[in-house]
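Structural description and commentary
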There are 2 protein chains.
Amino acid sequence: MEKRPLILVSNDDGIEAIGVHELVDCLLKFGDVVCVCPDGPRSGQSMAISVNTPLRIERLDDWHGAEMYKVNGTPVDCIKISMHTILGRRPDLVVSGINHGSNAAINVVYSGTMGAAFEGCACGVPSIGFSLTTHNPKADFSGCLPFVDKIVGSVLKNGLPEGVCLNVNIPASNPAPTEMRITKACKGRWTDEYQEYTDPNGRKFYWLTGKFKNEEPDNEDTDEWCLSHGIVSVVATALDRTDSCDITFLTEG
Amino acid sequence: MEKRPLILVSNDDGIEAIGVHELVDCLLKFGDVVCVCPDGPRSGQSMAISVNTPLRIERLDDWHGAEMYKVNGTPVDCIKISMHTILGRRPDLVVSGINHGSNAAINVVYSGTMGAAFEGCACGVPSIGFSLTTHNPKADFSGCLPFVDKIVGSVLKNGLPEGVCLNVNIPASNPAPTEMRITKACKGRWTDEYQEYTDPNGRKFYWLTGKFKNEEPDNEDTDEWCLSHGIVSVVATALDRTDSCDITFLTEG
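Here the structure is a predicted model, which is why all the values come from computation and not from measurement.

What counts, and where the lines are drawn
Residues numbered from 1 in each chain as written. Chains lettered and ligands numbered in written order. Predicted model: local features only at pLDDT ≥ 70, side-chain atom pairs only at ≥ 80, totals over all residues. Heavy atoms only, no water. Helix = DSSP H or I, 4+ residues; strand = E, 2+ residues; numbered from the N terminus. Rg over C-alpha atoms; globule rule 2.2 N^0.38 Å. Buried < 20%, exposed > 50% of the residue type's maximum accessible area, 1.4 Å probe, protein only. Contact = heavy atoms within 4.5 Å. Buried area = accessible area lost by both parts, 1.4 Å probe. Salt bridge = Lys/Arg side-chain N within 4 Å of Asp/Glu carboxyl O. Polar contact = N/O pair within 3.5 Å; in protein donor to acceptor, adjacent residues only side chain to side chain. Least-squares fit on C-alpha atoms with pLDDT ≥ 70 in both. Axes fitted to C-alpha atoms, helices over the stretch in contact; angles between N-to-C directions. Parallel < 35°, antiparallel > 145°, perpendicular 65-115°, else oblique. Left-handed = near helix turned anticlockwise from the far one by under 90°. Pairing = 2+ DSSP bridges. Core = buried A, V, L, I, M, F, W, Y, C linked by side-chain atoms within 4.5 Å. Expected span 1.5 Å × (residues − 1). Arc of directions from axis to C-beta. pLDDT = per-residue confidence, 0-100. 1 Å grid on protein atoms, 1.4 Å probe; cavity = no way out; pocket = protein on both sides within 12 Å on 5 of 7 lines; lining within 4 Å. Points joined across faces, edges and corners; volume = space filled by probe spheres on them. Nonpolar A, V, L, I, M, F, W, Y, C, P; charged D, E, K, R; others polar.

Once that is clear, we can look at the overall build of chain A. When its secondary structure is counted, chain A shows 6 helices and 13 strands. The C-alpha atoms of chain A give 19 Å as radius of gyration, which agrees with the globular expectation for 253 residues (18 Å, within 12%). Along the first, second and third principal axes, the C-alpha set of chain A runs to 60 × 55 × 50 Å. In chain A, which comprises 253 residues, the share counted as buried stands at 57%.

This is the structure in structure tokens:
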């Protein structure tokens, strides 16, 4: 008998988030699920790794048949230590999320959810990050599940191109989305990024905030366009950072 | 009279590192230098941002005419808050480093040094990360300086392609390097990544370690090959993560 696929799950909202429990429930039909998450929120952790602090692993009660662990590190730490220590064999798939909040456009570079997916990809395992476009901690993830089913089934069957993982963003729309498109990360940037405060001792401090300025709002090929039109976006996302542009002027003269 | 270029400097080794002071000294001939660094080591912070904690800015004594600041955040935080709060005008260049340790190959994705450079790039400012291939905190950076001069001079004159920053790695070789090449990030991965310990209470903990396994050791086009042959490597590095590979199987059937 063929072994059931082994699926490693992580996130950046921490082990107590609803999104990762909904994801685990959805994945159990596809294989054995091991869920290894940060011990608390690690949003915006990108591909950060814990270099100067030790990691601890704590096994929790199983969830509907899935093994559950928490780690005092980043999403990338969770994937690395799972591969090295927790998992008895190489996983067939890494799935991260479902994130509470969009990871479309430039957000992909800061996202801890996508950090875990990139790390899975760096280990040579097909990897997917799922995000729902609402930060509501009690969000309704039911609209995500048909797309998780479809994409996970397809990736388990077909694999993914080497060095590429998927960034899947699902609109928190009502009615739930019915369509899915392959898109690209929208160009744009964050502006007005800090709110300034004064503490009781008269010292200033700053808190990250800001607005996303879409630089190509009419481009139907982008993730942002699809999401704003109630369509699920799938972006093929590369781990390799090397660009093929011409910079030979640097070595001339 | 034309304004002198404004150069924003950061790093991930923290405001006290030798590497960033050597970099500032080298950059003062090109323009006005403002140096904004984390208040301590932030190696491996990638593009992490502080979402759930406030930031504070502390101005320090000038260094040889450069304004010096420390921030209780990540390298990306330093760039963001500089753009928003510290700098009076838009910088002409962002330079990060000189890192104590290589950021070649897969290290580019974990690097806080390159995180700062990517963030500069995300703001539309030509950005460069410099790294020396030794973790020695008292490293001799003199071999880097001719290459910092050459590359910074050239980028201030020519700019960089949109969405691309430079990842410059300099071998800590003796004699100092004399050659520089445009390369690409070497394929490879980290293995044996954790050392296991037991604390006095019998609980296990883990510390990140590991060895880099070069998957294309004979490829002369890679950064790792150049560095191991005493040659400075410059990689054009893309902020955009979208890959052009074919994943249409996901939406078929």
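Interface size, as often reported, equals the accessible area lost upon joining of the parts. Tallying the contact residues gives 79 residues for chain A and 79 residues for chain B. Regarding the contact of chain A and chain B, the summed buried area is about 6,500 Å², with carbon and sulfur atoms giving 62% of it. Its largest share of buried area at the contact with chain B, chain A owes to A:Tyr194, A:Arg241 and A:Leu250, together 12% of the area lost on that side. Scanning the region where chain A abuts chain B turns up 4 salt bridges. Here A:Lys80 ties to B:Glu193 by a salt bridge, and the two come within 2.9 Å at their closest N and O atoms. Here chain A is connected to chain B by 27 residue pairs in polar contact (both at pLDDT 80 or more). Of all the secondary structure elements, the ones that give two or more residues to the side of chain A that touches chain B are helix 2 (75-86), helix 3 (107-110), helix 4 (112-122), helix 5 (145-158), strand 7 (164-170), strand 8 (180-183), strand 11 (204-208) and strand 13 (232-238) of chain A.

Moving on, we get to the relation of the copies chain A and chain B. Take chain A, turn it by 180°, move it 0.0 Å along the axis, and it overlays chain B with an RMSD of 0.0 Å. Look at the turn and shift together and you get a two-fold axis relating the two. Interface residue correspondence from chain A to chain B reaches 100%, placing this contact among same-surface, isologous pairings.

A separate point is the packing of helix 1 (residues 18-27) of chain B against helix 4 (residues 145-158) of chain B. All names here are of chain B. In the contact formed by helix 1 and helix 4, the axes pass within 10 Å of each other and the chain directions differ by 50°. Viewed along their axes, helix 1 and helix 4 adopt a mutual orientation that is oblique. Here helix 1 and helix 4 pass one another in a crossing that is right-handed. Here helix 1 contributes Glu22, Leu23, Cys26 and Leu27 to the contact with helix 4, which in turn contributes Leu145, Val148, Asp149 and Val152.

Residue and element names in this part refer to chain B. Sheet architecture is open: 9 strands sit in the order 3-4-2-1-5-6-7-13-8, paired in mixed fashion. For this open sheet the edge positions go to strand 3 (57-59) and strand 8 (180-182), each flanked by a neighbour on one side alone. Sheet twist, expressed as the mean angle between neighbouring strand axes with direction ignored, is 20°. Here 4 bridges tie strand 1 (residues 6-10) to strand 2 (residues 32-38), and the two strands are oriented parallel to one another. Counted as the bridge partner of Leu6 is Asp32 from strand 2. Helix-sheet contacts for helix 1 involve strand 1, strand 2, strand 4 (67-71), strand 5 (93-100) and strand 6 (127-132), and the interaxial angle to strand 5 is about 140°. Strand contacts of helix 4: strand 5, strand 6, strand 7 (164-170), strand 8 and strand 13 (232-238), with the helix running at about 170° to strand 6, the strand carrying the most contacts.

Moving on: the nonpolar core. The nonpolar side chains of soluble globular proteins are, as a tendency, buried together. One finds A:Val36, A:Tyr110, A:Leu239, B:Val36, B:Tyr110 and B:Leu239 to be the most contacted residues of the largest nonpolar core, which totals 66 residues. Contacts of B:Tyr110, omitting those with residues within four sequence positions, involve A:Met47, A:Ile49, A:Val76, A:Lys80, A:Glu119, A:Ala122, B:Gly44, B:Gln45 and B:Ser46.

What follows deals with the environment of A:Ser43. Looking at where A:Ser43 falls in the secondary structure, it is placed in the loop between strand 2 (32-38) and strand 3 (57-63). Sequence separation of A:Ser43 and A:Val125 is 82 residues, and the distance between their C-alpha atoms is 23 Å. Leaving out residues up to four positions away in the same chain, A:Ser43 has contacts with A:Asp12, A:Asp13, B:Ile49 and B:Val51.

The next subject is the environment of A:Ser127. All names here are of chain A. Considering the arrangement of structural elements, one finds Ser127 in strand 6 (residues 127-132). Overall, Ser127 belongs to the buried group, its relative accessible area being 0%. Counting along the chain gives 78 residues from Ser127 to Phe205, while the straight-line C-alpha distance between them is 38 Å. For Ser127, the residues in contact, after removing those within four places along its chain, are Val94, Ala117, Gly120, Cys121, Leu160, Cys165 and Leu166. Here Cys121 takes part through its backbone nitrogen, which lies 3.2 Å from a polar atom of the side chain of Ser127.

So, on to helix 4 of chain B. Along an α-helix, residues three or four positions apart point the same way, because every turn accommodates 3.6 residues. All names here are of chain B. If you check helix 4, its first and last C-alpha atoms are 20 Å apart, about what 14 residues at 1.5 Å a residue would give, namely 20 Å. For helix 4, the full list of buried residues reads Phe147, Val148, Ile151, Val152, Ser154 and Val155. Summarising the axial view, the buried residues of helix 4 lie within an arc of 165°, below the 170-degree limit, and thus occupy one face. On the buried face of helix 4, the contacting elements are helix 1, strand 5, strand 6, strand 7, strand 8 and strand 13. Residue Gly159 follows helix 4 closely and has a positive phi angle near 70°.

On to the confidence of the model for chain A, then. When the pLDDT values of chain A are averaged, the result is 96; 99% of them are 70 or greater. As scored by the predictor, the complex reaches a pTM of 0.97 and an ipTM of 0.96.

We now examine empty space enclosed by the protein. The full count for this structure, using the stated rule, is 2 cavities of 30 Å³ or more. Each pocket or cavity is described by its volume, and for the largest cavity that value is around 90 Å³. Around the largest cavity, the lining is made up of 18 residues, and of these A:Ser46, A:Arg241, B:Ser46, B:Val109 and B:Arg241 lie nearest the centre. Those elements giving two or more residues to the lining of the largest cavity turn out to be helix 3 and helix 4 of chain A together with helix 3 (112-122) of chain B. When the residues that make up the lining of the largest cavity are grouped by side-chain class, the tally is 10 nonpolar, 6 polar and 2 charged. In this structure, the second largest cavity encloses a volume near 30 Å³.

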